[in-house]
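Residue-level listing of the chains:
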Amino acid sequence: MDEEDEGISDGEYMDLPEEGEDEVEDTPDGGAIVRFGEDVPAGESEFYTNLAETIPETELNTLSSRFLDLIAKDKEARKRRDDQYEEGLRRTGLGDDAPGGAQFAGASKVVHPMLTEACIDFAARAMKELFPSEGPAKDYIPGKQTEEKIAKAARKTKLLNWQMTVQCPEVRAELEQLMTQVPLGGAQYMKLGWDERRNRPTFLFVAIDDMYLPYAATNFYTAQRKTHVQYLTQLDYEDRVKSGMYRDVDLRSPSMEPEQSEAGKANDKIEGRNASSYNEDGLRIVYEIHAIAAVGDDEEPSPYIISVDKPTGKVLAVYRNWEEEDDTREELLWFVEWPFIPWRGAYPIGLPHMIGGLSGAATGALRALLDAAHISNTPSGLKLKGAKIGGQSEAPVPGEIREIEGGLNVDDVRKLFMPMPYNPPNPVLFSLLGFLVDAGRNVVRTALEDIADGSPNAPVGTTLAKLEQGMVVFSAIHNRLHDAMARMLRILHRLNGMYLNDEKLENEAGEELASREDFDGPLDVVPVSDPNIFSETQRYAQVQALVQRASQMPQLYNQRKVEERLLETLKVPNAKELLNPPLEPKEQNAVNENVSASLGRPVMAFPAQDHLAHLETHLAYMMSPMLGANPLIAPAYLPVMLNHLKEHIALWYASAVVEIASNALGEDIGKLMKQLGPDVEARQELDRLLVEASGAATAQSAQLFSQIPPIIQQAQQMMQQFAPQPVQDPRVALEGQKMQQQMQIEQMRMQGNAQEAQMRMQADAQQDQARMILEQQQMQFAAQKAQQDAQMNMAELQARVQIAAQQQAAEDARKNAELQARLAMNTDDNRTAMELAAAEIASGEQIAVSTGTGINPNPNQ
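Quick look at the structure, then. (Residues numbered from 1 in each chain as written. Predicted model: local features only at pLDDT ≥ 70, side-chain atom pairs only at ≥ 80, totals over all residues. Heavy atoms only, no water.)

What follows is about the packing of helix α4 (residues 147-167) against helix α13 (residues 502-509). In contact at an axis separation of 13 Å, α4 and α13 are set at 60° when each is read in the N-to-C sense. With respect to their mutual orientation, α4 and α13 come out oblique. Of the two elements, α4 crosses α13, and the hand of that crossing is left-handed. Residues Leu159, Trp162 and Gln167 of α4 touch α13, and the partners they reach there are Leu505, Glu508 and Ala509. In the contact of α4 with α13, the residues fall into four nonpolar, one polar and one charged. (Axes fitted to C-alpha atoms, helices over the stretch in contact; angles between N-to-C directions. Helix = DSSP H or I, 4+ residues; strand = E, 2+ residues; numbered from the N terminus. Parallel < 35°, antiparallel > 145°, perpendicular 65-115°, else oblique. Left-handed = near helix turned anticlockwise from the far one by under 90°. Contact = heavy atoms within 4.5 Å. Nonpolar A, V, L, I, M, F, W, Y, C, P; charged D, E, K, R; others polar.)

Counting 85 residues, the largest nonpolar core has Met164, Leu175, Met179, Leu192, Phe203, Trp338 and Met488 as the members making the most contacts within it. When sequence neighbours within four positions are dropped, the list of residues in contact with Phe203 reads Met164, Cys168, Glu170, Val171, Glu174, Met190, Lys191, Leu192, Met488 and Leu492. Judged by nonpolar contacts, the second largest core, of 30 residues, contains Leu615, Ala634, Ile669 and Ala693. (Core = buried A, V, L, I, M, F, W, Y, C linked by side-chain atoms within 4.5 Å. Buried < 20%, exposed > 50% of the residue type's maximum accessible area, 1.4 Å probe, protein only.)

Here we come to a nonpolar patch on the surface. Together, Val591, Val595 and Leu599 line one region of the surface with nonpolar side chains, adding up to about 280 Å² of accessible area. Mapping Val595 onto the fold places it in helix α16 (residues 590-598). Residue classification places Val595 among the partly exposed positions, given a relative accessible area of 45%. (Patch = residues over 30% accessible without salt bridge, like charges linked within 9 Å, V, L, I, M, F, W, Y side chains within 5 Å. Areas by Shrake-Rupley, 256 points an atom, 1.4 Å probe, with all protein chains shown as cover. Salt bridge = Lys/Arg side-chain N within 4 Å of Asp/Glu carboxyl O.)

Taken together, three strands build an open sheet; the order of strands is β5-β4-β11 and the sheet is antiparallel. The sheet is open, and its two edges are formed by β5 (200-206) and β11 (335-339), each paired on a single side. When strand polarity is set aside, the average angle formed by the axes of neighbouring strands in this sheet is 25°. Sheet analysis places strand β4 (residues 187-195) next to β5, joined by seven bridges and oriented antiparallel. Within β5, the position partnered with Tyr189 by the bridge is Val206. (Pairing = 2+ DSSP bridges.)

Evaluation of the coordinates by the stated rule reveals 28 salt bridges. The closest approach of N and O atoms between Arg225 and Asp74, which form a salt bridge, is 2.9 Å. Remark: Asp74 occurs in helix α1 (residues 57-77) and Arg225 occurs in strand β7 (residues 225-232); sequence separation between them is 151 residues. Asp74 shares its class with Arg225; the two are buried. Close ionic contact of Arg814 with Glu818 constitutes a salt bridge, the shortest N to O distance being 2.4 Å. Taken as a pair, Arg814 and Glu818 lie in helix α22 (residues 730-851) at a separation of four residues, close to a single helical turn. The class of Arg814 is partly exposed, set by a relative accessible area of 36%. Owing to a relative accessible area of 35%, Glu818 belongs among the partly exposed residues under this scheme. Counted as one network, the salt bridges with shared partners bring together Glu57, Arg247 and Lys314.

Along the chain, Gln588 falls in the loop between α15 (559-569) and α16. For Gln588, the side chain forms a polar contact with the side chain of Ser596, separated by 3.4 Å. Apart from residues no more than four positions distant in its own chain, Gln588 is found in contact with Glu593, Ser596, Val603, Gln609 and His614. (Polar contact = N/O pair within 3.5 Å; in protein donor to acceptor, adjacent residues only side chain to side chain.)

Turning our eyes to something else, we now look at helix α14 (residues 536-552). Note that an α-helix has 3.6 residues per turn; residues three or four places apart therefore point the same way. Compared with an ideal rise of 1.5 Å per residue, which puts 17 residues at 24 Å, α14 spans 24 Å between its outermost C-alpha atoms and is within 8% of the ideal. Of all the residues in α14, the buried ones are Gln538, Ala541, Val543 and Ala550. (Expected span 1.5 Å × (residues − 1).)

This part takes up the packing of helix α3 (residues 114-130) against helix α5 (residues 170-185). Their axes nearest at 8 Å, the elements α3 and α5 cross at an angle of 135°. By the angle between their directions, the pair α3 and α5 is classed as oblique. Along this stretch, α3 crosses α5, giving a crossing that reads as right-handed. Within the contact between the two elements, α3 uses Cys119, Phe122, Ala123, Ala126, Met127 and Leu130 and α5 uses Arg172, Leu175, Glu176, Met179, Thr180, Val182, Pro183 and Leu184. For the contact of α3 with α5, the class distribution of residues is eleven nonpolar, one polar and two charged.

Buried within α15 we find Val562, Glu564, Leu566, Leu567 and Thr569. At the N-terminal end of α15, a side-chain oxygen is found 3.2 Å from the backbone nitrogen of Arg560, two or three residues along, and the residue is Asn558. Lys571 sits one or two residues past α15 and shows a positive phi near 60°.

In structure tokens form, the structure reads like this:
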């Protein structure tokens, strides 16, 4: 060592490693980079090994007993939750075991598809936004953007989309299963892992009934204990043991089929499958517990992953669940919660909680209607059987004819049989069914049906307002799903950074999509979905508003970019290939500029051109009836040339001011402006000089361009005359024709109604007038009739009086005659009586004398 080096401390020197242990890389500047050894990747560090291999068996048994007891309590605490999920699955009716319904033969077992329809619609809308065909990820660069950051984010986005669409075919299937169950269970979970043998991430849908949380938990991500109930086949279990993931505790397969949750049993009925009692696949339950606990020598409670085999009660694995370099020991996430509607506790709620009662009521109303129709069309009744003393009670079921005892001497067939008085389907019940269905759909309703039926000419603001109002609930749910997808991408980002094998990836993909080192650093990949846009209708309404604004204010928009955005929204394949390539104007002479503008190509003025000569050439061409003013050329030429004339005039003004100021100053003002620097006074002096030069240039332009304004005005009028009519969307034209026809029909209907009303008024007036005339005639006739009746009555009265007098006189005469006759008869009678009496007396005396009896014939004497 030289004397000059004696002052250097030993700490500034480092012994080079032996040959073969280091890696030396030459740099372009002649230096070298020496890498000492090789850093162990995070996923391959001893920190992440299975601690169960080193923890004593007694301590593992204690750990197993404690957590098995906690799991039993967690399961019991959420029993009612499992029943609600199971009831929701049954109420879909897919398993033919929906609760309720009548019990007679032929009773309807139909189920209203309210819940099924909501689940399918929700899953379809969510998957369309979250998982498009090109992949669910896009790059997002936080902070300042550089070419290196952009390229790195693009590589990672490409790899993640390739993994989830090509390398891992189960992703979409698992996610679609999850989405159909989110509305029923309130929440579902996606578990992510890493398959080292296949060098790719793994995805597993975990139903909510297979995820236990403690009663005290208020949120899934902050819960101190999460238990995943895993159903492993014997082959899966043995593979995990062989790979070192689990301890080799017991490789025997259980003899009995493991117990399923009630929701799992209901799902088996829906899928139409039954578990055998032989357990051919060797299914066993393994609890994977993500808990905050003190394990082994670690006295500080920290996040661990503990796997316990339920059949044997043995601990299979214990893993640290935080990053090795993380002093705070923040828990690593392996599960993503996909919530529906969050509530107070750790479990969100779903449709069975919200509209389960309405679904049951709708099913009951539908069944009642069908049962009533079935009973009304099915013969049933009571038939007399024979004589029996006393009464009887019978309750026949619908469709049954039952014999009953009857009396003697039944002489009418109607007395033998009585049909049951069942009511037909009730219209009120049908209205109630419609009300229940509407009430259920309004809980999570959308306005897409209203938008589809609306007019395409409706203002964009109105359309967006209807979408915002009609889909406010779905929008909030979509935001939560977007956040869940972002969490899943964050976990994927971490897994690729810990376990990705670059060599295997390149062999499988055929190229280096991204490297493991790319995933070091901040997350620059986000979901492709937009949390504020949840439908194609809303997306198209926004781009339609953009197109309208760009057409109204073209000076503020890049029309090509607007058109590209529209085609991109419409999802037109290879849309940019349909557009003409952008033309970049180049410097030309005035004649070539006229030709280019006539063909509709862009032209541009340049500072070094003779602007006056160009203006003179352009104006002469523009006013020529055979050239610029020709109807064949003007529509394409005028718009381009008017803007070009503006450029020449502005550039002439700038060059004139510079020339006048340079002549006044005696040197080139352009060079002077570059030399001024930050000298404020010199710049102010230059500004005053430019003011004078600008005034001189303005005065000069008044003489040179005096004939230009009338020509420009005339050209603008010609441009408006020759402007092509905007191409109208056929749908808009058809809608306009429909509206015009409807307006004509409405106008004709209004005219017809007006004519009908006028005719009705005229008819009513004529009827009123005729009625008044008739009433007057009736009154006159009544008066005449009354007078005639009075006269007739008076004459009749007089006649009656005369007749009565005559009748009285005749009666009196008759009575007098009768009296005289009676008196005469009495006189005659008296005379005859006296004569008879005298004769009798005389005769009696003679008899007495002759007999000598001396008897008196008159006893009164």
